[in-house]
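Working through the structure, step by step
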There are 2 protein chains.
Amino acid sequence: MATDVISFSPPRGMRDFYPEDMVLRNAVFDAWSAAARQSGFDEYDACVVESLALLKRKSGEEITDQIYHFKDKSGRELALRPEMTPTLARMIVAKQGSLTMPLKWFTIAQCFRYERTTRGRKREHYQLNLDVIGESSVSAEAEVIATAAGAMSRLGLTGKHYQIRFSSRALLSELLLKLGIEAAHHAATFLALDKRGKITDEAIKTLLENEGVSPEAIPTIFALLEVETLEQARDMLGAETPAYQDVLAFLETLDAYGIADLMSFDISVIRGLSYYTGIVFEAFDTSEGLRAIFGGGRYDNLLGDIGGAATTGVGLGFGDVVIAELLEALGLAPATGDHAPDIAIGFMQDAQQLTAVRIATALRASGKGAHLALHAEKPKAFFKRVGKGTAPQAIYLGPDDTENGTARIKTLADRTEETVSIEELLQA
Amino acid sequence: MATDVISFSPPRGMRDFYPEDMVLRNAVFDAWSAAARQSGFDEYDACVVESLALLKRKSGEEITDQIYHFKDKSGRELALRPEMTPTLARMIVAKQGSLTMPLKWFTIAQCFRYERTTRGRKREHYQLNLDVIGESSVSAEAEVIATAAGAMSRLGLTGKHYQIRFSSRALLSELLLKLGIEAAHHAATFLALDKRGKITDEAIKTLLENEGVSPEAIPTIFALLEVETLEQARDMLGAETPAYQDVLAFLETLDAYGIADLMSFDISVIRGLSYYTGIVFEAFDTSEGLRAIFGGGRYDNLLGDIGGAATTGVGLGFGDVVIAELLEALGLAPATGDHAPDIAIGFMQDAQQLTAVRIATALRASGKGAHLALHAEKPKAFFKRVGKGTAPQAIYLGPDDTENGTARIKTLADRTEETVSIEELLQA
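Residues numbered from 1 in each chain as written. Chains lettered and ligands numbered in written order. Predicted model: local features only at pLDDT ≥ 70, side-chain atom pairs only at ≥ 80, totals over all residues. Heavy atoms only, no water.

All right, on to the overall build of chain A then. From N to C terminus, chain A includes 17 helices and 18 strands. Each of the three principal axes of chain A carries a C-alpha extent, and together these read 95 × 60 × 45 Å. Burial statistics for chain A: of 428 residues in total, 55% are counted as buried. Within chain A, residue pairs in contact and separated by at least 24 positions form 67% of the contacts whose partners lie at least 6 positions apart. (Helix = DSSP H or I, 4+ residues; strand = E, 2+ residues; numbered from the N terminus. Buried < 20%, exposed > 50% of the residue type's maximum accessible area, 1.4 Å probe, protein only. Contact = heavy atoms within 4.5 Å.)

In structure tokens form, the structure reads like this:
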């Protein structure tokens, strides 16, 4: 039976992380956590299994098709979350009365998406999520972007390496209203326009017509995407509207953060998730043409929509796949991790084993990292093995050492050696 | 429709972690990682979604019933892993030729188990896994136990708080052979005996009879569980057999690690997983009567059984649920995390906002953690909010401050204040 054949590969689209793969992953996760904590974001987490009803309700149509879902034995419909925001919204609503707003929360969450086409795309990834809940001013958008830029900077990436394109669904809404398109059609219009480049304009036209947008309005909607500057948008609106002023304040705040030079207005940035209501943004590398590095936006209706008190929100998602590709392409991926133990300990014969154990135990108790051999080995085998970056220093015990009560601490980089008494080491 | 009702609770048996819950979780995870790295274990990871075939093949019968599983759109049978060892074995076999043995690997893995009865048991948990692959001597068992003891010690737990009971399936096998029970029946006998206390002895008898064990042998099998000391086992065996000698060497090594006093021989420790072949062990608290804190053992056939070259293995699993219960029961759970930013920054009016942003940015660039207010607030509201442990220091900017070009850095613990020039802060 086919199902009885055991494959040694992970399931299709899922990743194994061998120790050598953890070096880059830890570098990215550490940069994310450090930047988030430095900005005062509090860490939270939730189980990767979520109720399907919550996810269906609040994500975009495209994502809903791609959710891994299943029933438990009681018939509950469960799913592997494709994104963290609905879960965050659920958690906030559950404790809304007792939380002090605005909240700044972060998590590193594994998310799943079942994509049929697998041109290098994985079916799971990890994602830094930065969210600000309960802040209606654009200082929230600026803070999550500045924090993501802080993580980029920790990874060696600056404005030379990436740029952030932004737009505003609120501004687009104002423009659509000005064109006579009712607010009820806006959400569907955003999702249709977001497909531009992925499906034909003809197919987008059909989507808009099915949504009830009048066929005459459709060319004007496409024309909107030709708007190139904020000033053009303002001129079309005929005034400095609330959404326009928000964008100005957003840029002014980013300037105070020293990162206005990362930003460029791009009206075609819409984002695929249905819940965004305000500023939306996406970061792209400047040299490799990869998919978005991070992205996000404002979602002011999500908490109310799932049944909570109306509360504003801003979120940013930053996946681990594109950033890893970018760091590798730019030669910025770290070669070795920073978690190697301080010293490797080996021994020639079984007779020295317990002394080696005692030395390792004493060194560990003193706070040092000690990589202990688990069986006797020839000096050549020991030094060959530990010379591959196991530890910067090594002790190799032979019968002479234990007889004399001494151990030689070898520094592997320069092959220097220091002789110390074993007694002393045991009291370290 | 029932499925359209959105609940704000996580799915049954799954956990949300609010920021206040992360304090204890991070303390446990940090102790685990630090102890594992200090002993020279290399970190690895794999996706929580695993192929069902692999999991079915290698776990115990009980676990197989409790696996969350589902089909993907291509009909592949996938599952949420109930434990990490089969995945580890798969990863090792996939690269067996290029890996230098023995390997010492660790991971913190989320695992799922669908248990119908839910008396306080969760359906998911995180588990530290420490494994040594390719070491046939009991130094492997001793090293994983010493490393887990190191993690316990980092959490403030010593031999006063927990003890480790151990046995050896190899020794039990020698005893069963001595009683005339063929090796082919041993694995099933272990799994039946492991159920003792959970099901009636009568039910265990039926299990053994169904397995083909002769009814006359069954009372002698039960009598084995009355063996209280290693010496009794040796006397029954009539010689210092290989399994008996291994147990002695194991205890001698643990003595060199300084943790022999944690250990006690208990022939009834068997473990529920079918793949164990040698020494098995479980740690229990001495005061609260909780479930096992950590446990593990030797699995010398697993890699060969799934299709790899025959390679020995020893593993230890240490879950996050029982240790959290124990730390809380003993009053050892940390009250606050150690990730608070250094300083909180607030402001009275919109006019001071951009200065506050610039100060926060400069402090962050200098490596400090800065928690920045996102809108103007009254001094009372600001200090009430940040006084709840947000940060040890605070700057609150009013119009006078920006006019004078000075900021007052308040140390919240003793309410002392230092006045510095904003210019100076910006160049920090």
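Before going further, it helps to examine the sheet that holds strand β5 (residues 68–71) of chain B. Residue and element names in this part refer to chain B. Read across the open sheet, the three strands follow the order β4-β6-β5; overall the sheet is antiparallel. Each end of this open sheet is capped by a strand with a single partner; those strands are β4 (49–51) and β5. When strand polarity is set aside, the average angle formed by the axes of neighbouring strands in this sheet is 35°. As defined by bridge partners, β4 adjoins strand β6 (residues 77–80) across three bridges and the pair is classed as antiparallel. Pairing of E50 across the sheet is with A79, part of β6. (Pairing = 2+ DSSP bridges. Axes fitted to C-alpha atoms, helices over the stretch in contact; angles between N-to-C directions.)

Looking now at helix α10 (residues 230–237) of chain B. Residue and element names in this part refer to chain B. Residues of α10 that are buried: L230, A233 and L237. In a view along the axis of α10, the buried residues occupy a sector of 60°, so they form one face of it. Elements that come into contact with the buried residues of α10 comprise α6 (169–178), α11 (242–256) and β10 (263–265). Following α10 by one or two positions, G238 has its phi on the positive side, about 80°. (Arc of directions from axis to C-beta.)

Residue and element names in this part refer to chain B. Extensive coverage of strand β13 (residues 313–319) is indicated by the burial of seven of its seven residues. Residue alternation in β13 divides its side chains into two sets, G313, G315, G317 and G319 and V314, L316 and F318, and both sets are buried. Two strands pair when backbone bridges link them, and strand β8 (residues 124–133) and β13 are joined in this way by seven bridges, in the antiparallel orientation. Bridging from a neighbouring strand, N129 pairs with G317 of β13. In terms of strand pairing, strand β12 (residues 294–298) meets β13 through five bridges, oriented antiparallel. By the bridge assignment for β13, R298 is matched with V314.

So, about the domain arrangement of chain A. According to the domain assignment, chain A consists of domain 1 (19–329) and domain 2 (340–426). Inter-centroid distance (C-alpha atoms) of domain 1 of chain A to domain 2 of chain A is 52 Å. (Domains from an automatic or database assignment.)

As a further point, take the relation of the copies chain B and chain A. The operation relating chain B to chain A is a screw motion whose rotation component is 180°, with 0.0 Å of axial translation and a residual RMSD of 0.0 Å. Taken together, the turn and the small shift mark the pair as related by a two-fold rotation axis. Nearest to the rotation axis, the C-alpha of F70 of chain B is located 3.0 Å from it, this being the minimum over chain B. Same-surface contact between copies: 99% of interface residues of chain B are shared with the interface of chain A. (Least-squares fit on C-alpha atoms with pLDDT ≥ 70 in both.)

Turning our attention to the confidence of the model for chain A. Scored by pLDDT, chain A comes out at a mean of 92, with 96% of its residues at no less than 70. Model confidence for the complex is summarised by a pTM of 0.94, with the ipTM given as 0.93. (pLDDT = per-residue confidence, 0-100.)

It is worth spelling out the state of the cysteines at this point. The final tally for this structure, using the stated rule, is zero disulfides over all chains. Here C47 of chain B stays free of any disulfide, with the sulfur of C111 of chain A as its closest cysteine sulfur at 11 Å. (Disulfide = S-S within 2.5 Å.)

We now examine the sheet that holds strand β9 (residues 162–168) of chain A. Residue and element names in this part refer to chain A. Ordered by their spatial adjacency, eight strands build an open sheet running β2-β7-β8-β13-β12-β11-β9-β10, and the pairing between neighbours is mixed. Two strands lie at the open edges of the sheet, namely β2 (42–43) and β10 (263–265), each paired on one side alone. Across four bridges, strand β11 (residues 279–285) lies against strand β12 (residues 294–298) in antiparallel orientation. The residue of β12 that forms the bridge with V280 is G297.

Under the criterion given, the structure shown has 35 aromatic pairs over all chains. Judged by centre distance (4.9 Å) and plane angle (15°), the ring pair of Y68 of chain A and Y114 of chain A falls under stacked. In this pair, Y68 of chain A is assigned in strand β5 (residues 68–71) and Y114 of chain A in the loop between β7 (103–112) and β8 (124–133), connecting sequence segments 46 residues apart. There is no split in this pair, since Y68 of chain A and Y114 of chain A are both buried. Ring centres of F70 of chain A and F70 of chain B lie 4.8 Å apart, and the angle between their planes is 10°; this geometry places the pair in the stacked category. Placement of the pair is F70 of chain A in strand β5 and F70 of chain B in strand β5, with the two residues belonging to separate chains. (Phe/Tyr/Trp six-rings, centres within 6.5 Å; stacked < 30°, edge-to-face > 60°.)

Another aspect to go through is unusual backbone geometry. For residues other than glycine, phi is negative in most cases, and the peptide bonds are mostly trans. Residue and element names in this part refer to chain A. Cis rather than trans, the peptide bond between M101 and P102 has omega equal to -5°. Considering the arrangement of structural elements, one finds P102 in the loop between α4 (85–94) and β7. Here the phi dihedral of R415 falls at roughly 55°; this positive angle occurs in a residue that is not glycine. Within the secondary structure, R415 is located in the loop between β17 (406–411) and β18 (416–421). Relative accessible area serves as the criterion here: at 72%, R415 is assigned to the exposed category.

Below, the discussion takes up the interface of chain B and chain A. Listed per partner, the contact involves 97 residues of chain B and 97 residues of chain A. Approximately 8,000 Å² of surface area, both sides summed, lies buried where chain B meets chain A, with 58% of it carried by carbon and sulfur atoms. Counting across the interface, chain B meets chain A through eight salt bridges. Of the charged contacts in the structure, one is a salt bridge between E20 of chain A and K95 of chain B, with a shortest N-O distance of 3.4 Å. On inspection of chain B and its partner chain A, the count reaches 36 residue pairs in polar contact (both at pLDDT 80 or more). The biggest single contributor to the side of chain B that touches chain A is helix α1 (residues 19–38) of chain B, with seven residues. Looking at side-chain class alone, the side of chain B that touches chain A contains 41 nonpolar, 25 polar and 31 charged residues. (Buried area = accessible area lost by both parts, 1.4 Å probe. Salt bridge = Lys/Arg side-chain N within 4 Å of Asp/Glu carboxyl O. Polar contact = N/O pair within 3.5 Å; in protein donor to acceptor, adjacent residues only side chain to side chain. Nonpolar A, V, L, I, M, F, W, Y, C, P; charged D, E, K, R; others polar.)

A few words on the environment of E424 of chain B. Residues and elements named next belong to chain B. Take E424: it is sitting in helix α17 (residues 422–426). Assessed through its relative accessible area of 53%, E424 is described here as exposed. Linking E424 and G405, residues 19 residues apart in sequence, is a C-alpha distance of 9.6 Å.

Here we come to the pairing of β11 of chain A. Where a strand is regular, its side chains alternate between the two sheet faces. Residue and element names in this part refer to chain A. Of all the seven residues making up β11, seven are buried; the element is thus mostly covered by neighbouring parts of the structure. On β11, burial covers both faces: I279, F281, A283 and D285 on one face and V280, E282 and F284 on the other are all buried. Alignment of β9 against β11, held across seven bridges, turns out to be antiparallel. Within the sheet, the bridge partner assigned to S168 lies in β11 and is I279.

Turning to the packing of helix α5 (residues 139–154) of chain A against helix α11 (residues 242–256) of chain A, a few remarks are in order. Each pair of packed helices gets described by two things: the angle between the helix axes and the distance between those axes. All names here are of chain A. At a minimum axis distance of 9 Å, the contact between α5 and α11 shows a crossing angle of 40°. When the axis of α5 is compared with that of α11, the two are oblique. The chirality of how α5 crosses α11 is right-handed. Each of E141, A142 and I145 in α5 lies in contact with α11, whose residues at this interface are F250, T253 and L254. The residue inventory of the contact of α5 with α11, partitioned by class, reads four nonpolar, one polar and one charged. (Parallel < 35°, antiparallel > 145°, perpendicular 65-115°, else oblique. Left-handed = near helix turned anticlockwise from the far one by under 90°.)

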